[in-house]
Amino acid sequence: MSIETLLRPAVKKLVPYQSARRLGSSGTVLLNANESPFDNNYTFNGQGLNRYSTCQPDALIQAYAHYAGVDASQVLTCRGADEGIELLIRAFCEPGQDTILHCPPTYGMYQISAEAAGVSCREIPLMSSWQVDLPAITKNLGGVKLVFLCSPNNPTGNQLHRQDIVALLEHTRGQALVVVDEAYVDFCPKLSLVDLLARYPHLVILRTLSKAFALAGLRCGFTLANPEVITSLLKVIAPYPVPVPVAAIAEQALSTEGIACMQKQVSVLAKNRDFLSQALSVCEGVTVFEGKGNYLLVKFPNADTLFRQLWDQGITLRKPTIKDCLRISIGSRAECEHVISAIITRLATL
Ligand SMILES: *Cc1c(COP(=O)(O)O)cnc(C)c1O
């Protein structure tokens, strides 16, 4: 008997997420994974590792609840926003029966997590404005348990209109959960929908320490929702999901000083983003889309060639599924200058 015959059919045909680490990189200018250029220092005393961790460390939950402006009963922590996506699907979607809905071009893990769980996935593309197609979504909610929206959206960079999400929440009441992925909201905190949690018990918000908090390697994220949703997710979570050192470091990142440091770095990255945007938008044939996160989506005359040329020069960008576009993460000022001059030189040869 071969392993192949044992494998679930859904997994046999699954294409894993093309993460930055899986795709590999070239050189040292890594602007492909929306990581932070800031490598901040944390301490861990190395003790207490003989004991299992607490499932939901109280100090960490309290700290994030305080940061997000919600009650501790509305917070779940796990291994990144990615695990939040998985837990939601596992808790709310019956394999072979229920459906999730998402709006490409968007983050790829909603679809991959659904497919891996044997849950079907309905695509309602964003409109050309990269806003949600509300009429199409509301017409296609049959069998849908979870609607995944991403705002600011990865890879387009725009925020979704608040009134559209409110309209969708009104429409889906008692029918489906609306999951808003706010992985990048720390770059534009005023745009968070967290205040809507009080009005809509079927709203779920995903957060992470991977982006603005500069802790992609820590694997720590949060799911914000009404306590009944949180309790449901805790039924399907692994018994010890938060390693002791992760909780210790995450608590430091969420201290008053940690948050102040994040906010300072966010404003530096916003300046770098404006600098990059300015420099590229004056180039012939180049369109820079407005970006609210730590990345910009940019349309080039020949994006595939440019991508390869930059790769050969040790600059790694991300090729999203949008034709002629590249996504550029916002690095340090020096990295921005480096990528700008490389692009300008290459554009002359395209
Ligand atoms: C990076 C990213 C995530 C994953 O976050 P982790 O906490 O690192 O798992 C989720 N959603 C979006 C939109 C992202 O860009």
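Going by the structure above, here's the rest.
From a predicted model like this one, the values you see are computed outputs, not experimental measurements.

Counting its regular elements, the protein contains 13 helices and 12 strands. In terms of overall dimensions, the protein has C-alpha extents of about 55 × 55 × 50 Å along its principal axes. Scored against the burial criterion, the 350 residues of the protein give a buried share of 51%. A fraction of 71% describes how many contacts in the protein between residues 6 or more apart in sequence connect residues 24 or more apart. Of the roughly 16100 Å² of accessible surface on the protein, a fraction of 53% belongs to carbon and sulfur atoms. Between the mean site of the 31 positive side-chain charges and the mean site of the 30 negative ones, the protein shows a separation of 2 Å.

Okay, the nonpolar core next. Formed by 87 residues in total, the largest nonpolar core has its most connected members in Leu 209, Leu 224 and Phe 300. Top element by residues in this core is helix α11 (residues 256–281). It accounts for 7 residues. If near-sequence neighbours (up to four positions away) are discounted, Leu 224 is found in contact with Tyr 64, Ala 68, Val 70, Gln 74, Val 75, Val 194, Leu 197, Leu 203, Val 204, Ile 205 and Arg 207. Core analysis: the next-biggest nonpolar cluster, separate from the first, contains 27 residues, Ile 85, Leu 87, Ile 100 and Val 179 among them.

This part covers the site of the ligand. Taken together, 13 residues surround the ligand, and among them Asp 181, Tyr 184, Thr 208, Ser 210 and Lys 211 come closest. Between the ligand and Ala 81 there is a distance of 2.7 Å, counted from an oxygen atom to a backbone nitrogen or oxygen. Ser 210 has a polar side-chain atom sitting 2.6 Å from an oxygen atom of the ligand. Burial of the ligand by the protein chains amounts to 93% of its free accessible area of 390 Å². Residue contributions to the shell around the ligand peak at 3 residues, all from helix α5 (residues 80–92). Here the residues of the shell around the ligand are counted per class, giving 5 nonpolar, 4 polar and 4 charged.

Here Asn 40 shows up in the loop between β1 (29–30) and α4 (58–68). Only 2.8 Å separates the side chain of Asn 40 from the side chain of Gln 265, close enough to count as a polar contact. Contacts of Asn 40, omitting those with residues within four sequence positions, involve Phe 213, Ala 214, Cys 261 and Gln 265.

The next thing to look at is the environment of Gln 18. Inspection of the secondary structure assignment puts Gln 18 in the loop between α2 (9–12) and α3 (20–23). Linking Gln 18 and Gly 108, residues 90 residues apart in sequence, is a C-alpha distance of 8.6 Å. When residues no more than four places from it in sequence are discounted, the contact partners of Gln 18 are Leu 23 and Arg 318.

Now for α4. Those residues of α4 not exposed but buried are Leu 60, Ile 61, Ala 63, Tyr 64, Ala 65 and Ala 68. The secondary structure elements touched by the buried residues of α4 are β2 (75–78), β7 (203–208), β8 (221–225) and α10 (244–253). With its phi angle positive at about 75°, Gly 69 sits one or two positions after the end of α4.

Moving on: the environment of Thr 156. Inspection of the secondary structure assignment puts Thr 156 in the loop between β5 (144–150) and α8 (162–172). Among the residues examined, Thr 156 registers a relative accessible area of 1% and is labelled buried. Once the C-alpha coordinates of Thr 156 and Cys 325 are considered, the two residues, 169 residues apart in sequence, prove to be 9.7 Å apart. Excluding anything up to four places from it in sequence, Thr 156 contacts Pro 105, Trp 130, Phe 289, Glu 290, Tyr 295, Leu 297 and Ile 322. Side chain to side chain, Thr 156 and Asn 153 meet in a polar contact 2.9 Å long. Within the structure, the side chain of Thr 156 is placed 2.5 Å from the side chain of Asn 158, a separation counted as a polar contact.

What follows is about the packing of α5 against helix α9 (residues 227–236). Describing two packed helices takes the angle between their axes plus the distance from one axis to the other. Where α5 contacts α9, the two axes come as close as 9 Å, and the packing angle between them is 90°. With respect to their mutual orientation, α5 and α9 come out roughly perpendicular. In this structure, α5 contributes Leu 87, Leu 88, Arg 90, Ala 91 and Phe 92 to the contact, and α9 contributes Val 229, Ser 232, Leu 233 and Val 236. Partitioning the contact of α5 with α9 into residue classes produces 7 nonpolar, 1 polar and 1 charged.

Across a sheet, strands are paired by hydrogen bonds formed along the backbone, either parallel or antiparallel in direction. Here we have 3 strands laid out as an open sheet, ordered β9-β10-β12, and antiparallel in their pairing. In this open sheet, the two strands that pair with only one neighbour each are β9 (287–288) and β12 (325–329). Bridge count for strand β10 (residues 295–299) against β12 is 5 bridges, and the pairing is antiparallel. If you follow Tyr 295 over to β12, its bridge partner there is Ser 329.

On to the packing of aromatic side chains, then. The full count for this structure, using the stated rule, is 10 aromatic pairs. Judged by centre distance (5.4 Å) and plane angle (65°), the rings of Tyr 64 and Tyr 67 are edge-to-face. In this pair, Tyr 64 and Tyr 67 are both assigned in helix α4, 3 residues apart and thus about one turn of the helix distant. On the numbers, 4.7 Å between centres and 65° between planes, the contact of Tyr 184 with Tyr 295 is edge-to-face.

Attention now goes to the sheet that holds strand β6 (residues 177–181). One open sheet holds the 7 strands; their spatial order is β2-β8-β7-β6-β5-β3-β4, and the pairing between them is mixed. Since the sheet does not close on itself, it has two edges, and those belong to β2 and β4 (120–123), each with one partner. If you compare each strand with its neighbour and ignore which way they point, the axes differ by 25° on average. Note that β7 and β8 share 5 bridges and pair antiparallel. Looking across to β8, one finds that Ile 205 is bridged to Leu 224. This element, helix α6 (residues 109–116), spans β3 (99–102), β4, β5 and β6 of the sheet and lies at about 170° to β3.

Rules used in this analysis
Residues numbered from 1 in each chain as written. Predicted model: local features only at pLDDT ≥ 70, side-chain atom pairs only at ≥ 80, totals over all residues. Heavy atoms only, no water. Helix = DSSP H or I, 4+ residues; strand = E, 2+ residues; numbered from the N terminus. Buried < 20%, exposed > 50% of the residue type's maximum accessible area, 1.4 Å probe, protein only. Contact = heavy atoms within 4.5 Å. Areas by Shrake-Rupley, 256 points an atom, 1.4 Å probe, with all protein chains shown as cover. Lys, Arg positive; Asp, Glu negative; His and termini not counted. Charge placed at Lys NZ, Arg CZ, Asp CG, Glu CD. Core = buried A, V, L, I, M, F, W, Y, C linked by side-chain atoms within 4.5 Å. Near = heavy atom within 4 Å. Polar contact = N/O pair within 3.5 Å; in protein donor to acceptor, adjacent residues only side chain to side chain. Nonpolar A, V, L, I, M, F, W, Y, C, P; charged D, E, K, R; others polar. Axes fitted to C-alpha atoms, helices over the stretch in contact; angles between N-to-C directions. Parallel < 35°, antiparallel > 145°, perpendicular 65-115°, else oblique. Pairing = 2+ DSSP bridges. Phe/Tyr/Trp six-rings, centres within 6.5 Å; stacked < 30°, edge-to-face > 60°.

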